[in-house]
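Coordinate analysis (summary)
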Amino acid sequence: MLALSALFLLYLFVPYLKVGGSPSGICFSKEFLCQTQAEPPLTENDPLSVRLRQHAGLYRDKTYAPELKNVLLLTASNSGYLEMLTNWECFAQRLGLDWMVMAMNQELQMHLGERSFLATGQEWQKAEAFNSPVGFKVISCNKVRSVLDVLRESNLDIVFSDADNVFKSDPFLPSLSLGSMMRSGKYEYIYGRKIEPGNQRIQDLKEEVYHQEPIKANTGFYYVAGSKKQDVVQRIFEISVEWCNKRPGLDDQENFWDSLVATRKKKSTDKGYIGCFRHCDSNSSCIGVDESMVFNYCDMSPWEYILGCFTPQSALKEPRMVSYHATHVFGWPAKKGKLKKVKLWANCNEKEIIGITPAPSSQAGGVET
């Protein structure tokens, strides 16, 4: 009798049910019992772990690349570098990307709100040139400290980009080296090469340089897989932070790569030992080593993600260019000049970034020349 009563009630209520809008996926229609409501927007008062997870996925449309749902895009800035950050965010916004900002001082963190968090380490408000005696080193090592904290907090994969590394087009497409390597799941770390000296033509870069194991590389744009081999990956960054603490007169790039080279040489009895380092699928280097103890790393294409050692003029002629990193100059005004020359300085402001006004197009554009 009870079963028949339940079936009769279900028959009465089915016409008023609809899918969606509630944790169970089912809600009574508004004519009967309830009305579907959108999730409230995030605020800076929400826990950082919640905000990190919500911004993960690389794109604002979380259905676009579900295979990248655990990848978080990060950049960094302080108040003195805000104009450079705004330019980076404008291009990212026009490409439909989603991201968070490591704020190097509280004033910037309060200005940006929920899409930012206060970086780990000493606060620094002033923009600093590469050759500054103290500030640049503090800021750069704070980036590594903050990435380590995010790895510990979230176990997400991370793409980190400096704010002067600007995207011309979608940098994560599966047809590109970075997008393909991320999706392969084979690498714990994907980096951009460090190439010296400056004022080179990208067209003169020799193909044999690609995938050569480096002594030093760039730390202004990289991917780190925080969702797997967490002990190994976090240990790499912990050692880098230890080196930053021991050598405050050097920046994150010097400390990260010097510590990585030193760790590669450690024996199994040494503190901080990592089983093996495999560079770009070298098959012979890690034979017999448990894969859970192997750190796999490789470089992304320098013709797609172009470093500032190559002139803007040559970069503009490179059909594969996806981003340009305005390095090899001192100070953000000089970086701005390089980005203008490569047509990656945007005409936009904070209103466009937070969605008050529509972007000029679905692709990055509207640049000063």
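What comes next concerns the included structure. (Residues numbered from 1 in each chain as written. Predicted model: local features only at pLDDT ≥ 70, side-chain atom pairs only at ≥ 80, totals over all residues. Heavy atoms only, no water.)

1. Let's talk about the packing of aromatic side chains
- The tally for this structure, following the rule as stated, stands at 23 aromatic pairs.
- With 5.8 Å between their ring centres and 85 degrees between their planes, Trp88 and Trp99 make a pair best called edge-to-face. Of this pair, Trp88 sits in helix 3 (residues 82-94) while Trp99 sits in the loop between helix 3 and strand 4 (100-103); the two residues are eleven residues apart in sequence, bridging distant segments of the chain. Of the two residues, Trp88 and Trp99, neither departs from the other in class, the shared state being buried.
- By way of ring pairs, the aromatic residues Phe160, Tyr189, Tyr191, Tyr222, Phe237, Phe256, Trp257, Phe277, Phe295 and Tyr297 are connected into one cluster.
- The ring of Phe91 carries Arg94 above its face, with NZ or CZ at 6.0 Å from the centroid. (Phe/Tyr/Trp six-rings, centres within 6.5 Å; stacked < 30°, edge-to-face > 60°. Helix = DSSP H or I, 4+ residues; strand = E, 2+ residues; numbered from the N terminus. Buried < 20%, exposed > 50% of the residue type's maximum accessible area, 1.4 Å probe, protein only. Lys NZ or Arg CZ within 6 Å of the ring centre and 35° of its normal.)

2. As for the state of the cysteines
- Counted by the stated rule, this structure contains four disulfides.
- The disulfide partner of Cys90 is Cys348, and the gap between their sulfur atoms is 1.4 Å. Of this pair, Cys90 sits in helix 3 while Cys348 is found in the loop between helix 10 (332-341) and helix 11 (350-353), placing the two residues 258 residues apart along the sequence.
- Classification of Cys348 by relative accessible area gives partly exposed; the value is 22%.
- One disulfide bridge connects Cys276 with Cys286, the sulfur atoms lying 2.0 Å from each other. Handedness of the Cys276-Cys286 disulfide follows from its S-S torsion of about -85 degrees: it is left-handed. Of the two residues, Cys276 is situated in strand 10 (residues 276-279) and Cys286 in the loop between strand 10 and strand 11 (294-299); the sequence distance between them amounts to ten residues. Of the two residues, Cys276 and Cys286, neither departs from the other in class, the shared state being buried. (Disulfide = S-S within 2.5 Å.)

3. Here's the deal with the sheet that holds strand 8 (residues 189-193)
- Strand order across the open sheet formed by eight strands is 5-4-3-6-9-8-11-10, with mixed pairing between neighbours. Looking at which strands have only one partner, the edges of the open sheet turn out to be strand 5 (116-118) and strand 10. Neighbour-to-neighbour, the strand axes of this sheet turn through a mean angle of 30 degrees, independent of strand direction.
- Along the sheet face, helix 2 (residues 48-55) touches strand 3 (71-77), strand 4 and strand 5 and points at about 140 degrees away from the line of strand 4. (Pairing = 2+ DSSP bridges. Axes fitted to C-alpha atoms, helices over the stretch in contact; angles between N-to-C directions. Contact = heavy atoms within 4.5 Å.)

4. So, the packing of helix 2 against helix 5 (residues 135-154)
- Across the interface, helix 2 lies against helix 5 with an axial gap of 10 Å and an inter-helix angle of 90 degrees. Looking at the two axes, helix 2 sits roughly perpendicular to helix 5. Between helix 2 and helix 5, the residues in contact are Ser49, Leu52 and Arg53 and Val150, Glu153 and Ser154, respectively. (Parallel < 35°, antiparallel > 145°, perpendicular 65-115°, else oblique.)

5. Some remarks on the environment of Ala217
- For Ala217, the position within the fold is in strand 9 (residues 217-224).
- When its relative accessible area of 0% is taken as the criterion, Ala217 is described as buried.
- Filtering out sequence-adjacent residues up to four positions away, Ala217 remains in contact with Tyr191, Gly192, Arg193, Lys194, Gln253 and Trp257.

6. Comments concerning the sheet that holds strand 13 (residues 323-325)
- The three strands are arranged 7-13-12 in an open sheet whose pairing can be described as mixed. At either end of the open sheet lies a strand with only one pairing partner, and these are strand 7 (165-167) and strand 12 (305-307). In this sheet, neighbouring strand axes are inclined to one another by 15 degrees on average, regardless of whether the strands run parallel or antiparallel.
- The pairing of strand 7 with strand 13 spans three bridges and is antiparallel. Pairing of Val166 across the sheet is with Tyr324, part of strand 13.

7. A few points about the packing of helix 3 against helix 10
- With their axes 10 Å apart at the nearest point, helix 3 and helix 10 run at an angle of 25 degrees to one another. It follows that helix 3 is roughly parallel to helix 10 by the angle criterion. For helix 3 against helix 10, the interelement crossing comes out left-handed. For the pair helix 3 and helix 10, the contacting residues are Glu83, Met84 and Asn87 in the first and Trp332, Lys335, Lys336 and Leu339 in the second.
- In the contact of helix 3 with helix 10, the residues fall into three nonpolar, one polar and three charged. (Left-handed = near helix turned anticlockwise from the far one by under 90°. Nonpolar A, V, L, I, M, F, W, Y, C, P; charged D, E, K, R; others polar.)

8. As for the nonpolar core
- Among the nonpolar cores identified, the biggest contains 58 residues, and Leu73, Leu97, Phe172, Leu178, Met182 and Leu339 are the most heavily contacted of them.
- When residues of this core are traced back to their parent elements, those giving at least two are strand 3, helix 3, strand 4, helix 4 (106-112), strand 7, helix 6 (177-184), strand 9 and strand 12.
- With six residues, helix 3 is the largest single contributor of residues to this core. (Core = buried A, V, L, I, M, F, W, Y, C linked by side-chain atoms within 4.5 Å.)

9. A look at the side chain of His55
- You can see His55 is positioned in helix 2.
- Since its relative accessible area comes to 8%, His55 is described here as buried.
- When neighbours within four sequence positions are excluded, His55 is seen to be in contact with Leu42, Lys62, Leu72, Asp98, Trp99, Met100, Glu114 and Arg115.

10. Examining helix 3
- Taking 1.5 Å of rise per residue, the 13 residues of helix 3 would be expected to cover 18 Å, and the 18 Å separating its terminal C-alpha atoms lies within 8% of that figure.
- With eleven of its 13 residues buried, helix 3 lies for the most part within the structure.
- Of the residues making up helix 3, those classed as buried are Met84, Leu85, Thr86, Asn87, Trp88, Glu89, Cys90, Phe91, Ala92, Gln93 and Arg94.
- Gly96 sits one or two positions beyond helix 3 and adopts a positive phi of about 80 degrees. (Expected span 1.5 Å × (residues − 1).)

Function cannot be inferred from these measures alone, as they are strictly geometric.
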